[in-house]
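# Structural characterization, general
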Amino acid sequence: MPELPEVETIRRQLAPHVEGRTLTGVEILDPRWTRPDPPGPVQAELRGRVVEQVGRSGKYLVWHLSGEQYLLMHLRMTGALLFDPPADPPHTRVRFTLDDEHRLVYNDPRRFGTGHLLTGADGRDAYLRERLGVEPMTPAFTAAYLRAQARGRAAPVKSFVLDQRRIAGVGNIYADEALFRARIHPLRPAGSLKGAQLEALREAIEHALMAGIDAKGATIDDFRHVDGAQGSFQDLFCVHQREGKPCPECGTTIRKLVVGGRGTYVCERCQPRPRGRRGTRSGLVGAAAASSCEQL
Ligand SMILES: [Zn+2]
């Protein structure tokens with residue numbers, strides 16, 4: 001599933017092609033995309049609007065359109081936006097035509113992706129507020145915020161980090177990479193983390209997300225750039241999808257666990273189990289680890 005860095009990569013690639021352009025044609029081929037709203041009125045509302053800006057909140061692409069309309073797109077599992085594809089891909093759900101004759105196609109084999117049209121900044125904000133917590137890499141994303149959110153929570157920290165209503169935009173890849181960097185075991189109860197660990201977690205989440213953006217996202221399944229190319233962050237993973245391989249920091253074999261139903265990768269030496277291990281190292285995995293991940 002595209003996470004914050006993948007959606008941000010799409011936003012950066014898409015914006016120069018669509019900002020300032022008019023949507024002359026919009027065809028919603030799959031009524032499920034706009035559910036519970038019927039596609040017809042949404043299509044009619046979109047046609048003729050100018051794309052003023054393409055933004056992002058968490059994993060949502062936020063299209064700011066003329067007349068204070070906002071189209072909020074979520075790509076879910078397999079959604080992809082393709083600019084000027086040579087032909088419509090087999091799972092085309094929405095077609096956009098721009099006033100300069102260029103085309104944008106929304107393709108989604110599993111059809112979980114959504115497009116919702118909202119009126120006014122208040123409508124947009126209310127929609128996002130219900131679904132998203134604080135955005136990483138903003139001043140509100142602090143260790144104190146994480147402490148307040150984690151307080152009293154017995155759920156594993158991995159599930160806590162994945163909860164979009166607490167931290168916007170982090171998914172399975174970046175949660176594993178951030179917990180490794182912060183030396184926190186994914187099964188550790190979120191409410192048990194101390195101040196220094198919460199600060200390490202905050203730093204590690206932002207580090208992982210920024211590294212993902214720099215690498216233009218990770219392509220481990222369907223994620224594609226708007227020109228169909230792949231991201232490269234999958235080549236820089238320290239632990240994610242590296243079961244059986246050596247930890248880049250200490251050489252211990254990386255294990256795969258299931259936490260909250262999600263495949264989770266961990267070095268149990270760098271990230272000690274929550275019970276029965278005391279006096280283990282704390283703090284961030286060093287810069288040496290970052291460079292060795294890049295060599296793998
Ligand atoms: Zn290790």
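Everything discussed here concerns the structure shown above.
Every chain is numbered on its own, with residues counted from 1 as its sequence reads. A pLDDT threshold of at least 70 governs which residues receive local features in this predicted model, and a stricter bar of 80 or more applies before side-chain atom pairs are shown or counted, although totals over entire chains, interfaces and linings include all residues. In computing side-chain properties, one takes all heavy atoms of the structure into account and sets aside hydrogens as well as water.

### Remarks on the coordination of the zinc ion
Around the zinc ion, the donor atoms from the protein are Cys-247 (SG), Cys-250 (SG), Cys-267 (SG) and Cys-270 (SG), and they sit 2.3 to 2.4 Å away. Sequence spacing among the residues donating to the zinc ion works out to C-x2-C-x16-C-x2-C. Here Cys-267 lies in the loop between β10 (262–266) and α8 (287–295) and Cys-250 lies in the loop between α7 (195–214) and β9 (255–259), a separation of 17 residues in the sequence. Residue burial is assigned from relative accessible area. The probe radius is 1.4 Å, only protein chains are included, and a residue is buried under 20% of its type maximum, exposed over 50%, and partly exposed in between. Judged by relative accessible area, which is 22%, Cys-250 ranks as partly exposed. Donor selection uses N, O and S atoms within 2.8 Å of the metal (3.2 Å for Na, K and Ca). Since no water is included, sites may look incomplete. Labels follow the DSSP assignment, with helices taken as runs of H or I lasting at least four residues and strands as runs of E lasting at least two, numbered in each case from the N terminus.

### Looking at the nonpolar core
Among the buried residues, those of types Ala, Val, Leu, Ile, Met, Phe, Trp, Tyr and Cys that are joined through side-chain atoms within 4.5 Å form a nonpolar core. Counting residues in hydrophobic clusters, the biggest one holds 35 residues, and the most contacted among them are Leu-201 and Ile-205. The set of elements that each furnish at least two residues to this core consists of α4 (143–150), α5 (157–162), α6 (172–181) and α7. When residues of this core are assigned to their parent elements, the largest contribution, nine residues, is made by α7. Only heavy atoms enter the contact rule, under which two residues are in contact if any of them lie within 4.5 Å. Beyond its immediate sequence surroundings of up to four residues, Ile-205 is in contact with Pro-136, Phe-141, Val-161, Ile-167, Val-170 and Ala-178. Within the second largest apolar cluster, 28 residues are counted, among which are Ile-10, Leu-14, Val-26 and Leu-81.

### A closer look at the packing of α4 against α7
Packing of α4 against α7 leaves a shortest axis separation of 9 Å and a crossing angle of 115°. In this view, α4 runs roughly perpendicular relative to α7, as classed from their interaxial angle. For α4 against α7, the interelement crossing comes out right-handed. Residues Ala-143, Leu-146 and Arg-147 of α4 lie in contact with α7, whose contacting residues are Gly-195, Leu-198, Glu-199, Leu-201 and Arg-202. Residue polarity follows a fixed list, in which Ala, Val, Leu, Ile, Met, Phe, Trp, Tyr, Cys and Pro are nonpolar, Asp, Glu, Lys and Arg are charged, and the others, Gly among them, are polar. Per-class residue counts for the contact of α4 with α7 are four nonpolar, one polar and three charged. Axis definition: a line fitted to C-alpha atoms, limited for helices to the stretch in contact. Angles are taken between N-to-C directions and run from 0 to 180 degrees. An angle below 35 degrees is treated as roughly parallel, one above 145 as roughly antiparallel, one from 65 to 115 as roughly perpendicular, and anything else as oblique. Each crossing is labelled by how the near helix is turned from the far one, with a counterclockwise turn of less than a right angle marking it left-handed and a clockwise turn marking it right-handed.

### A short note on the environment of Gly-55
Tracing the backbone through its elements, the reader meets Gly-55 in strand β2 (residues 51–57). With 48 residues separating them along the chain, Gly-55 and Val-7 place their C-alpha atoms 9.9 Å apart. Apart from residues no more than four positions distant in its own chain, Gly-55 is found in contact with Arg-11, Tyr-60, Leu-61 and Val-62.

### A look at the layout of surface pockets
In the cavity and pocket records, a cavity denotes points on a 1 Å grid over the protein atoms alone where a 1.4 Å probe fits but cannot get out, a pocket denotes an open set with protein on both sides within 12 Å along at least 5 of 7 lines, and lining residues are residues with an atom within 4 Å of a point. Grid points are joined across faces, edges and corners, and a volume is the space filled by probe spheres set on the points. Its boundaries defined by the atoms lining it, the largest pocket holds a volume of some 400 Å³. Met-1, Lys-59, Met-77, Asn-172 and Arg-262 are the residues nearest the centre of the largest pocket, which is lined by 24 residues in total. For the lining of the largest pocket, the secondary-structure elements that each account for two or more residues are α6 and β10. At three residues, the largest contribution of residues to the lining of the largest pocket is made by β10. Looking at side-chain class alone, the lining of the largest pocket contains seven nonpolar, eight polar and nine charged residues.

### Looking at the pairing of strand β8 (residues 114–119)
Burial of β8 is extensive: five of the six residues sit out of reach of the surface. Pairing analysis gives six bridges linking strand β4 (residues 69–74) to β8, with the strands arranged antiparallel. Counterpart to Gln-69 in the pairing with β8 is Thr-119. Whether two strands pair depends on DSSP finding at least two bridges between them.

### A short note on the pairing of strand β5 (residues 80–83)
In β5, alternate side chains face the same way, and those of Ala-80 and Leu-82 on one face and Leu-81 and Phe-83 on the other are all buried. Bridge count between β5 and strand β7 (residues 103–107): four bridges; the pairing is antiparallel. Paired with Leu-82 across the bridge in β7 is Val-105.

### Here we look at the pattern of salt bridges
Pairs may arise between side chains of opposite charge once their charged atoms sit close together. Salt bridges are defined by distance alone: a side-chain nitrogen of Lys or Arg within 4 Å of a carboxyl oxygen of Asp or Glu. Counted by the stated rule, this structure contains 23 salt bridges. With a shortest N-O distance of 3.0 Å, Glu-8 and Arg-11 are connected by a salt bridge. Here the residue Glu-8 and the residue Arg-11 both occupy positions in helix α1 (residues 4–18), the gap between them amounting to three residues, near one helical turn. For Glu-8, a relative accessible area of 7% puts it in the buried group. We note a salt bridge from Asp-176 to Lys-158, for which the minimum N-O separation is 2.7 Å. Residue Asp-176 is found in helix α6, and its partner Lys-158 is found in helix α5; the two are separated by 18 residues along the sequence. For Asp-176, a relative accessible area of 1% gives the class buried.

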